[in-house]
Amino acid sequence: MRLLDLINKENDIKNIRPADFPQLAAEIRDFLLDKVCITGGHVASNLGAVELTMALHLCMELPEDKIIFDVGHQSYTHKLLTGRREGFDTLRQLDGMSGFPKSSESECDAFNTGHSSTSISAALGIVMASKLKAAEDPEYVMPRVAAVIGDGSMTGGLAYEALDAVSQLKAPLVIVLNDNEMSIGKNVGGFSKAMNRIRAGRSYNELKSDVENALMTIPSVGPKVAKSIKRSKDSIKNLLVPGMFFEEMGITYIGPVDGHNVQEMVDTFERAFRLKKPIIVHVKTRKGKGYIPAERHPERFHGIGPFDRLTGTPTASRYKTFTDVFAKTLLELGRENPKMVAITAAMARGTGVRAFQREWPERTFDVGIAEAHAVTFAAGLAKEGMLPVVAVYSSFLQRAYDQILHDVCLQKLHVIFAMDRSGLVGEDGETHHGIYDTAYLDEMPGLTVMSPRNGAELAAMLRYAVTLEGPVAIKYPKGSAQDVPGQKAAPVELGKAEVVYSSENFRSTEDVSSEESGAGDTDPGAKNGSKRVTIISVGPMASQAETAGKILEREDGLQIKVINARFIKPLDSEMLRQAASESDLLVVLEESVQHGSYGEAAAYLLQMEGCRVPYLHFCIEPETVPHGTVASLRKRLGLDTDSIAERIRRRISELRISE
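Model, not experiment: these values are computed from the prediction. (Residues numbered from 1 in each chain as written. Predicted model: local features only at pLDDT ≥ 70, side-chain atom pairs only at ≥ 80, totals over all residues. Heavy atoms only, no water.)

**Student:** Would you explain the packing of aromatic side chains in this entry?
**Tutor:** Geometrically, a pair of aromatic rings is defined through the distance of the ring centres and the angle of the planes. Scanning the model with the defined rule gives 14 aromatic pairs in all. Judged by centre distance (6.0 Å) and plane angle (80°), the ring pair of Tyr76 and Phe88 falls under edge-to-face. Note that Tyr76 is positioned in helix H4 (residues 76-81) and Phe88 in the loop between H4 and helix H5 (119-136), a separation of 12 residues in sequence. Neither Tyr76 nor Phe88 differs from the other in exposure class; each is buried. Geometrically, the ring pair formed by Phe322 and Tyr476 is stacked, given 6.3 Å between the ring centres and 25° between the ring planes. Here Phe322 is found in helix H13 (residues 322-336), whereas its partner Tyr476 is found in the loop between strand S11 (472-475) and strand S12 (498-502), with 154 residues between them in sequence. Accessibility classification places Phe322 together with Tyr476 in one group, the buried group. Three or more aromatic residues joined by ring pairs make a cluster, and in this case those are Tyr160, Phe245, Phe246 and Tyr253. Over the face of the ring belonging to Phe506 we find Arg532, whose NZ or CZ atom lies 5.8 Å from the ring centre. Across the ring face of Phe618, the terminal group of Arg647 is positioned such that the distance to the ring centre comes to 4.6 Å. (Phe/Tyr/Trp six-rings, centres within 6.5 Å; stacked < 30°, edge-to-face > 60°. Helix = DSSP H or I, 4+ residues; strand = E, 2+ residues; numbered from the N terminus. Buried < 20%, exposed > 50% of the residue type's maximum accessible area, 1.4 Å probe, protein only. Lys NZ or Arg CZ within 6 Å of the ring centre and 35° of its normal.)

So this is what it looks like as structure tokens:
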């Protein structure tokens, strides 16, 4: 029997002999690769954190004790060790197991995560709540709490704010720094391990405290001697001991520790928990451990779709994405404009900045996971005449709301926000969907917001954005650029929409004479008496709008006009007024939350102008959208082609009945 078959519920790992830990780790990696190569998911981070997760489970009692995974994309082993083995067959699929920690899945998931740099803050909150409970109830047993944070997440400012608070509150919190790329302090081998044992041991800490207390009792000279000794000791430690940044903050540093040696980590974690004070345990791991393709290309295997396990190559066919179009156009614009600079927040490959970075490394700035800094940094560059392009995922830009408003928009600075992954993202779920961007961008003063329907239009909008003077945001989705061979985008004009399809007989009411329409005909439509429906789509939803419109035209005899909004801000008010006047039903279709949406703004404008046209708004109602493929999510939300056509059909029937 495989060792993994013995792991059925929480903490069964404690029945595994230490000598068998390497075999169990190998079986876990084998299991994860077998499953994730079919479903897709986060590969490199999970393979690198297998032994680290095993060690934490061995010295903690879940769910009473709490592990908070930063981001949470490295939690697959944790899920496997907490009774969710069968869930991997539906990993990241609609109604299946999430790829991130979810307390709704298991009480062993102490905190829901998805974005980076939050774990220390959350863990500190849990620790302080436990201290308050303990003060009220003498029988309350405080849990062991560990925050697992990667070296990449430590580039986020929130992590440092949390560290400052940990130091101030002297919270008994163990922070596990999962260093899988670069070392904070040099590993000096035996000396480092010896220092860790001495500094983390009870005897050293008790002796240090006893000596300092004894010296302080000596009148006059005691405090001075103690201070002098401490100063000398700290000077030596600054030279010899890694992690002095943390030590200076009052957080004890232990490490580096071999992140693939389970027993060494267990011993270290046990000592750290016993100290009951702020501790950083620096653990060195290797991304993609045990799988050569992921070890060689960890960035490619950060988040990947289904792949061939033997070769590591994706099994899905490769198509041109919006990200590909952005990368190519940015490169072209960079060659034309030497003042253009690119900024990314640790996502050079994911956002398409990598090609620009290779050609102009001096004009490319990777600021780490620090979106707020990226935006204000861009503002400074723009203030001095540069043309910064901030390439960022939509859901990540949410973290820089104040900087967009305060530092860019209020100063009317020419910063271009290239917002990838707008709309439904898919398998990463609720923390990654870019469905809130229209709402938080629409209220920004002076910000122009565009959304292209395909790759050709994205390229045209990027070029147009360069010609503007103030801040610009272009939001586009993950996935296929939906280009038609040979198709070119129409010229972009500020605040102007574009008609992409119209039935042959669809004409304005002013063009229909009373003779054509019939004296007794109360239908404002064309002479055949069919209803006119105008569908205004935002961004790539133009494809669904056009397909649904043609179905309704063919099967129901409706006259259809499909308009690509292009601009979310400013609204094309002239187009909206005309659409309202010539249509029996006005439809708006977008992949955004309802409140603060394009459709809501359009409805308000028409209401203020007294337009009474029947109105139908396809959007995302106020709800949390789960993980799943984009196609499955659209179907559930009623945003797929068939649902759109059927809902319009029902609304038209209601209008005919009411006449």
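**Student:** What am I meant to see in unusual backbone geometry here?
**Tutor:** Keep in mind that most residues, glycine aside, have a negative phi and that most peptide bonds are trans. That bond from Leu62 to Pro63 is cis: its omega, 10°, falls within 30 degrees of zero. Residue Pro570 is reached from Lys569 by a cis peptide bond, and omega for that bond is 0°. Mapped onto the fold, Pro570 is located in the loop between strand S15 (567-569) and helix H23 (573-582). The backbone of Ser117 sits at a positive phi, close to 70°, despite the residue not being glycine. Positionally, Ser117 belongs in the loop between H4 and H5. One non-glycine residue with positive phi stands out, namely Lys276, at about 55°. Within the element layout of this structure, Lys276 appears in the loop between helix H11 (262-275) and strand S5 (279-284). Owing to a relative accessible area of 64%, Lys276 belongs among the exposed residues under this scheme.

**Student:** Would you mind going over the nonpolar core with me for this structure?
**Tutor:** Generally speaking, nonpolar side chains in soluble globular proteins are found buried as a group. Leu24, Ile28, Val43, Met54, Leu56, Phe269 and Phe307 are the most contacted members of the largest nonpolar core, which totals 56 residues. The element best represented in this core is helix H1 (residues 21-39), accounting for 9 residues. Sequence-distant contacts of Ile28, that is, excluding residues within four places in its chain, are made with Leu4, Val50, Met54, Thr77, Leu80 and Leu81. Counting 46 residues, the second largest nonpolar core, distinct from the first, contains Val392, Phe417, Leu447 and Leu576. (Core = buried A, V, L, I, M, F, W, Y, C linked by side-chain atoms within 4.5 Å. Contact = heavy atoms within 4.5 Å.)

**Student:** Any chance you could explain the pattern of salt bridges here in plain terms?
**Tutor:** Following the criterion strictly, the structure yields 38 salt bridges and no others. A salt bridge links Arg453 to Glu498; the shortest N-O distance between them is 3.8 Å. With Arg453 in the loop between strand S10 (448-450) and helix H20 (455-467) and Glu498 in strand S12, this pair connects stretches of sequence that are 45 residues apart. In terms of burial, Arg453 and Glu498 fall into one category: buried. One network of salt bridges, with partners in common, ties together Arg554, Glu555, Asp556, Glu646 and Arg649. (Salt bridge = Lys/Arg side-chain N within 4 Å of Asp/Glu carboxyl O.)

**Student:** Would you mind showing me how to read H11 here?
**Tutor:** Side chains of residues three or four places apart in an α-helix project in the same direction, reflecting 3.6 residues per turn. Between the first and last C-alpha of H11 there are 20 Å, a value that for 14 residues agrees with the 20 Å anticipated at 1.5 Å per step. With 10 of 14 residues buried, H11 lies mostly within the body of the structure. Among the residues of H11, those classed as buried are Val262, Glu264, Met265, Val266, Thr268, Phe269, Arg271, Ala272, Phe273 and Leu275. Remark: Lys276 follows H11 within two positions and exhibits a positive phi of approximately 55°. (Expected span 1.5 Å × (residues − 1).)

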